[in-house]
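Residue-level structure breakdown
The chain contents come next:
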Amino acid sequence: MPKVSVVMPVYQTKEEYLRQAIESILAQSFADFEFLIIDNGSEAYIRDIIASYSDPRISYHRIEINCGPAGARNYGIEHSKGEYIAFSDSDDISLPERFEKQVAYLEEHPETGCLGTSAEFFSEDGKGRYFCSAKKHKEIELYLILCGCVFCQSSVMVRKNVLDAYHIRYRDDFVPAEDYGFYVDLIGKTEFRVLDDVLTYYRFYNANTSNRRQLEQVAKSLLVRHTALITFAGKLNGRVELVFKLMQNEVFTADELKELVASLTELADVLAIRGHSKESVFQILKKDFKKVYYHTRTVRGQWNLLVSPLNKMFNLPLGWRLMCFITRGIL
């Protein structure tokens, strides 16, 4: 049995990109893996590209009618035989030591069941860091609940027995933010970690999902955040929607701002039971509250923010608040 099962869904990927993705997997320094390539209803050229490789580790699977990215990944999970499952999209690149370092970490840390790596994005215009400061378990868990996705999908390796034990799969109702929903569903079932090493290159271009379905992805990411908030922080005495409104950076009335103080205090207390400090919770939500200032464009709205007790909770300086009052409310 292979140690690792690599799952790569493919749909109409440009030949150059697909070959680079496949060859980056075949070039791994850790060789004990099976490579499941899931052809998700593509045109015939995809089959021909895959057939041009003779490596026995490649296992080609054809889905005749496209079942979406969640369905294709789930198909790969169901057919995988490895102890670990490594995900890779068909246009991204895994650096040669990715599997070696991830397997070594998972062997040494049995408590970790979902392991990502640091990543860089690249395009024809250049490259940059795929950045999230959350790298350790508690940081990642809190970020997933309150903020958004931590992992670069093509960097992730998971324990298959965790997925099977808790029946965790990608959900169609979260597409195209199904990866974020997948990690949220893992909260409480295993520990998370992101390696500091850059071991993945994420390709950013006009045709990939992050560009092509950007607005839909933002909307579905908010849906996942809402689901995570309710699941792991409770209903907050009926005030959970106020917290979610803060996460969406919407404009508040004076009464809502007063009520939000109690909501956020209760939220911090609930998350403290899960081992998260109030300081960490408020540090994440502070960014959302500052965005409310940026989005509020009336004198009354800025005044309500200026005198809100939330400023003390988030330690927002008077000078900065006055600047927002002038530039966003008056001008």
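Residues numbered from 1 in each chain as written. Predicted model: local features only at pLDDT ≥ 70, side-chain atom pairs only at ≥ 80, totals over all residues. Heavy atoms only, no water.

**Observations regarding the pairing of strand E9 (residues 191-203)**
- As judged from the two bridges shared by strand E5 (residues 93-94) and E9, these two strands associate in the antiparallel manner. Residue pairing in the sheet places Ser94 in a bridge with Thr200 of E9.
- Pairing of strand E6 (residues 112-123) with E9, which is carried by 10 bridges, proceeds in the parallel orientation. Paired with Ala119 across the two strands is Thr200, which belongs to E9. (Pairing = 2+ DSSP bridges. Helix = DSSP H or I, 4+ residues; strand = E, 2+ residues; numbered from the N terminus.)

**Let's talk about the layout of surface pockets**
- Of the volumes computed, that of the second largest pocket is approximately 250 Å³.
- Surrounding the second largest pocket, 13 residues form its lining, Ser133, Glu139, Leu142, Ser280 and Ile284 being those nearest its centre.
- For the lining of the second largest pocket, the secondary structure elements donating two or more residues are helix H5 (137-146) and helix H12 (278-295).
- In terms of residue class, the lining of the second largest pocket is built from five nonpolar, five polar and three charged. (1 Å grid on protein atoms, 1.4 Å probe; cavity = no way out; pocket = protein on both sides within 12 Å on 5 of 7 lines; lining within 4 Å. Points joined across faces, edges and corners; volume = space filled by probe spheres on them. Nonpolar A, V, L, I, M, F, W, Y, C, P; charged D, E, K, R; others polar.)

**Describing the packing of aromatic side chains**
- Applying the stated criterion across every chain yields a total of 15 aromatic pairs.
- Relative to Tyr201, the ring of Phe122 has its centre 6.1 Å away and its plane inclined at 65°; by these criteria the two rings are edge-to-face. Of this pair, Phe122 sits in strand E6 while Tyr201 sits in strand E9, and the two are 79 residues apart along the sequence.
- The cationic tip of Arg73 hangs over the ring face of Tyr170; the distance from NZ or CZ to the ring centre is 5.2 Å.
- When the ring centre of Trp320 is taken as origin, the NZ or CZ atom of Lys290, which lies over that ring, is 5.1 Å away. (Phe/Tyr/Trp six-rings, centres within 6.5 Å; stacked < 30°, edge-to-face > 60°. Lys NZ or Arg CZ within 6 Å of the ring centre and 35° of its normal.)

**Some points on the pairing of strand E1 (residues 4-10)**
- Taking burial as the measure, the seven residues of E1 include seven buried ones, the bulk of the element.
- Across the two faces of E1 the burial is the same, with Val4, Val6, Met8 and Val10 and Ser5, Val7 and Pro9 all buried.
- Pairing analysis gives seven bridges linking E1 to strand E2 (residues 33-40), with the strands arranged parallel. Looking across to E2, one finds that Val7 is bridged to Leu36.
- A crossover connection joins E1 to the parallel E2 through helix H1 (residues 15-26); in handedness this β-α-β unit is right-handed.
- Examined bridge by bridge, E1 and strand E4 (residues 84-87) share four bridges and lie parallel to one another. Across the sheet, Ser5 pairs through a bridge with Ile85, a residue of E4. (Buried < 20%, exposed > 50% of the residue type's maximum accessible area, 1.4 Å probe, protein only. Right-handed = clockwise from strand over helix to strand, strands pointing away.)

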